[in-house]
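Results of the structural survey
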Amino acid sequence: MTDSLYLISGATGKTGGGTVKLLLERGHRVRAMVRREDERSRALAAAGAEIAVADLHDLNGVSAAMRGVTGAYLCHPIAPSLIEATVNFAQAATDAGVRSVVDMSQISARRDAGSDAARQHWLSERLLDRTGLLTAHLRPTFFAEWLTTWWELRDGEGYLRLPFGEGRHAPIAAADQSHVIAALLTDPEPHDRAVYTLHGPVELDHHEIAAAMAATLGFPVHYEPISVDEFAAAMTARGLSPHLVQHLSHVAVDYRNGVFAGTNDNVERVGHRVPQSVGEFVTAHKDRFDLSGPNFVPAESC
Ligand SMILES: NC(=O)c1ccc[n+]([C@@H]2O[C@H](COP(=O)([O-])OP(=O)(O)OC[C@H]3O[C@@H](n4cnc5c(N)ncnc54)[C@H](OP(=O)(O)O)[C@@H]3O)[C@@H](O)[C@H]2O)c1
């Protein structure tokens, strides 16, 4: 056990949860920031994490969670007030004498992004870089987990109904990103002010993604391209927030324009981990493909 203490926000989420687990396995002290005590926080505590109940929009709560912390992971969902959360996080970290912050951003983050959330991610990166903290920013392409969220199972065949045209990306699993986050938290100096795009190992279009999924699942999987408007209408009908609908509609256009494309060796070089292929991800999450995902766009919405 080292003296260092790492604060992980989004600890009940995909990248944060994996990072808590990894750091604990490696003998580090971890404080998991959660929004409420529930069975997920109790599982984190049982694994050995300290628990801090705080909301990123509550400065006093975040400040209490930062006490004694060496390095902190900032993870905010696609939801309003990312910039306010970043300001709270930066101020609380600075006040507490925290050394470094690892910031979850995204590949579409840029000053002139059409997505409000993507532009706010870019601003949050710049804001953190104006502090005295050591900072590193992660800009993943679409997570491999997307393939479970928008998945439809119909008559024994799988469908991905998405507005991505013939664009390409290399899906990156959250578990692989956790290796990068843990590496940056425990050795921040060489990465100060770095911006790392994160990709899986193989860039594919969605026809090729569907084929890779079919090969693993053992039944046909089809990619059915839909329009951005149809996707937006389906998201709204399913109760997704206007902020998320605005974001995903704009990044769908980004995706078609190649913003999410590419691959690199950042996961291996920084995280010392070979990232999972689509086939390996599907194998590791096979049960998630037994049912339609929570936000799938059903054919009857055509
Ligand atoms: N999904 C993608 O394809 C993709 C691609 C690139 C970048 N990203 C970035 O990834 C980030 C999301 O990361 P993730 O997928 O690991 O997270 P996630 O699984 O979506 O989980 C979000 C976490 O944040 C917590 N949370 C939500 N609101 C909060 C608040 N106000 N205060 C404190 N905690 C709060 C949630 O707690 P509860 O569980 O209690 O709600 C949960 O632990 C976003 O910033 C997004 O831009 C995602």
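Residues numbered from 1 in each chain as written. Predicted model: local features only at pLDDT ≥ 70, side-chain atom pairs only at ≥ 80, totals over all residues.

Some details on the sheet that holds strand β1 (residues 5-8)
Convention followed: Pairing between two strands requires that DSSP report at least two bridges joining them. A run of DSSP states H or I qualifies as a helix once it reaches four residues; a run of E qualifies as a strand once it reaches two. Both are numbered from the N-terminal end. Axis lines are fitted to C-alpha atoms, over the contacting stretch for helices. Their N-to-C directions set the angle, which ranges from 0 to 180 degrees.
A sheet is described by the order of its strands in space; here seven strands give the open sequence β3-β2-β1-β4-β5-β6-β10, paired in parallel fashion. The open sheet is flanked by β3 (50-53) and β10 (194-198), the only strands paired with a single partner. Strand-to-strand twist in this sheet, taken as the mean axis angle between neighbours without regard to direction, amounts to 20°. Alignment of strand β5 (residues 100-104) against strand β6 (residues 134-140), held across five bridges, turns out to be parallel. Looking at β6, one finds that Val101 is bridged to Thr135.

A few points about helix α5 (residues 116-129)
Along an α-helix, a turn takes 3.6 residues, which lines up residues three or four apart on a common side. Test applied: Given the number of residues in a helix, its expected span is that number minus one, multiplied by 1.5 Å. Exposure is read from a count of other C-beta atoms within 10 Å of each residue's own; the residue is exposed at 12 or fewer, buried at 20 or more and partly exposed in between. C-beta atoms are placed from the backbone. The contact rule is simple: place each C-beta atom from the backbone, and if two of them lie within 7 Å, those residues are in contact.
Under the 1.5 Å per step criterion, the end-to-end length of α5 is 20 Å for 14 residues, consistent within 8% with the ideal 20 Å. Taken together, the buried positions of α5 are occupied by Ala117, Ala118, Arg119, Gln120, His121, Ser124, Glu125 and Leu128. Buried positions along α5 lie against α4 (82-96), β5, β6, β10 and α10 (242-256).

Comments concerning the sheet that holds strand β7 (residues 151-154)
What the three strands build is an open sheet, ordered β7-β8-β12; its pairing is mixed. Each edge of the sheet is formed by a strand with only one pairing partner; in this case those strands are β7 and β12 (221-225). Mean inter-strand twist for the sheet, computed between neighbouring axes without regard to direction, equals 30°. Note that β7 and strand β8 (residues 157-162) share four bridges and pair antiparallel. Paired with Glu152 across the bridge in β8 is Tyr159. Across the sheet, helix α8 (residues 206-217) is in contact with β8 and β12; its angle to β12 comes to roughly 160°.

A closer look at the environment of Gly200
The residue Gly200 is located in the loop between β10 and β11 (204-205) in this model. Residue classification places Gly200 among the buried residues on the basis of 25 C-beta atoms within 10 Å. A C-alpha to C-alpha distance of 8.3 Å links Gly200 and His169, two positions 31 residues apart in sequence. In contact with Gly200, other than residues within four places in its own chain, are Ala144, Ala170, Pro171, Ile172, Ala173, Pro275, Gln276 and Ser277.

As for the domain arrangement of the protein chain
Quick reminder of the rule: Domain borders in the structure are assigned automatically or taken from a domain database. In the scheme used here, Gly and all other residues not listed as nonpolar or charged are polar, with Ala, Val, Leu, Ile, Met, Phe, Trp, Tyr, Cys and Pro taken as nonpolar and Asp, Glu, Lys and Arg as charged.
When the domains of the protein chain are assigned, the result is domain 1 (5-144 + 171-198) and domain 2 (146-168 + 201-260 + 276-301). Taken over C-alpha atoms, the centre of domain 1 sits 26 Å from the centre of domain 2. Contacts between the two partners involve 17 residues from domain 1, matched on the other side by 16 residues from domain 2. Per element, the largest residue contribution to the side of domain 1 that touches domain 2 is three residues, and it comes from α5. Residue classes in the side of domain 1 that touches domain 2 are distributed as 11 nonpolar, four polar and two charged.

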